[in-house]
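Listed below are the residues making up each chain.
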Amino acid sequence: MLLFAALFIVGSTTVLLYEQQLGIVNFIDSSLGGTNTPSMQGSYQESGVKGLFIYYKPCPSTFTGACDDASLYRLAADGSKEVIVSSVRNIPQSPVTSELLQPIEQSVGGQYIVFGAWAYGSERNPMDQRVWVYDTLTGQTIARANVPKDSVFSPDYKYAANPVRKDADVKEIQIVDMASNSVVKTVDARESYTFVGTNGYDVQMRWEDAKDLYVTEFIIDTNNIEAVREIHVTLK
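To start, this report covers the structure provided alongside it. (Residues numbered from 1 in each chain as written. Predicted model: local features only at pLDDT ≥ 70, side-chain atom pairs only at ≥ 80, totals over all residues. Heavy atoms only, no water.)

**Points about the overall build of the protein**
Assigned secondary structure in the protein consists of one helix and 16 strands. Taken across its 236 residues, the protein has 39% of its residues classed as buried. Within the protein, counting contacts between residues at least 6 apart in sequence, those at least 24 apart form 36% of the total. For the protein, the exposed surface amounts to about 13600 Å²; the carbon and sulfur share of it is 55%. (Helix = DSSP H or I, 4+ residues; strand = E, 2+ residues; numbered from the N terminus. Buried < 20%, exposed > 50% of the residue type's maximum accessible area, 1.4 Å probe, protein only. Contact = heavy atoms within 4.5 Å. Areas by Shrake-Rupley, 256 points an atom, 1.4 Å probe, with all protein chains shown as cover.)

Have a look at this one:
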């Protein structure tokens, strides 16, 4: 009888340890994009981009570092969740720090998503220029570049036009090739002119298509700021 009781205790302890280990393995597998059910309940909430939602999975209390993860969803017309990214940790070139990729913009139609990286639950540093451009159709990161938050992306997200701010003014626009993270063209305002609009901060830029950018130039007089012309820039 005592032997049976001892065997029962040992067996129960073994099963408990196995279940604990399986829970840890399932969590790690889920964080890496696996199919197992995560061992910890996450939280589902809106991201900072309209139409995109995040399901966040925190680290277990005994884990530290880059062990949390998140899935990215859209809501279908019937209210069901459409998984766009099952694991942001699995996005190519994703950071391996405690920072987590989180969406900051998506293209019309939703093929491209621009991500920034910061600790979940905190605010993105407004000076942080790091962006990742992810193609939801191929599951690949098509660009990893450094551009300011007021950049305007071409429709195919291969280029970004960004103002170069100096002494509260903008005299230059840089066009960055996102794949190479390099400036491929600059646009300069004429002397006594500016690219800063009537509110004293915004720059008016628009992409007509993937190769054609239009930038509005302004003239400053003692009374007001007036738009003068739209500069057309064509990329080869």
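**What to know about the packing of aromatic side chains**
Scanning all chains against the criterion turns up five aromatic pairs. Taken together, a centroid distance of 6.4 Å and an interplanar angle of 25° make the contact between tyrosine 159 and tryptophan 207 stacked. A residue pair is termed long-range when its members are at least 10 positions apart, and tyrosine 159 in strand S10 (residues 159-166) and tryptophan 207 in strand S14 (residues 205-207) qualify at 48 residues. There is no split in this pair, since tyrosine 159 and tryptophan 207 are both buried. (Phe/Tyr/Trp six-rings, centres within 6.5 Å; stacked < 30°, edge-to-face > 60°.)

**A few points about the environment of aspartate 212**
Position of aspartate 212 relative to the elements: it lies in strand S15 (residues 212-220). Among the residues examined, aspartate 212 registers a relative accessible area of 15% and is labelled buried. Spatially, the C-alpha atoms of aspartate 212 and histidine 232 are 7.0 Å apart, while their sequence positions differ by 20 residues. Apart from residues no more than four positions distant in its own chain, aspartate 212 is found in contact with Arg206, Trp207, His232, Val233 and Thr234. A distance of 2.8 Å separates polar atoms of two side chains, one belonging to aspartate 212 and the other to threonine 234. (Polar contact = N/O pair within 3.5 Å; in protein donor to acceptor, adjacent residues only side chain to side chain.)

**Details of the pairing of strand S4 (residues 81-85)**
For strand S3 (residues 69-75) and S4, the ladder comprises four bridges, and the chain directions are antiparallel. When the bridges of S4 are listed, leucine 75 appears paired with lysine 81. Counted between consecutive antiparallel strands, the loop separating S3 from S4 contains five residues, among which glycine 79 sits at a positive phi close to 90°. (Pairing = 2+ DSSP bridges.)

**With respect to the sheet that holds S3**
One open sheet holds the four strands; their spatial order is S1-S2-S3-S4, and the pairing between them is antiparallel. Looking at which strands have only one partner, the edges of the open sheet turn out to be strand S1 (43-46) and S4. Strand-to-strand twist across the sheet, computed as the mean angle between neighbouring axes with direction ignored, equals 35°. By the bridge criterion, four bridges tie S1 to strand S2 (residues 52-57) in an arrangement that is antiparallel. By the bridge assignment, glutamine 45 is partnered in S2 with isoleucine 54. (Axes fitted to C-alpha atoms, helices over the stretch in contact; angles between N-to-C directions.)

**Section: the pattern of salt bridges**
Within the structure shown, the criterion is met by nine salt bridges. For aspartate 68, the salt bridge identified is with arginine 89, shortest N-O distance 2.6 Å. With aspartate 68 in the loop between S2 and S3 and arginine 89 in the loop between S4 and strand S5 (100-106), this residue pair connects regions lying 21 residues apart in the sequence. This pair shows no difference in class: aspartate 68 is buried, exactly as arginine 89 is. (Salt bridge = Lys/Arg side-chain N within 4 Å of Asp/Glu carboxyl O.)

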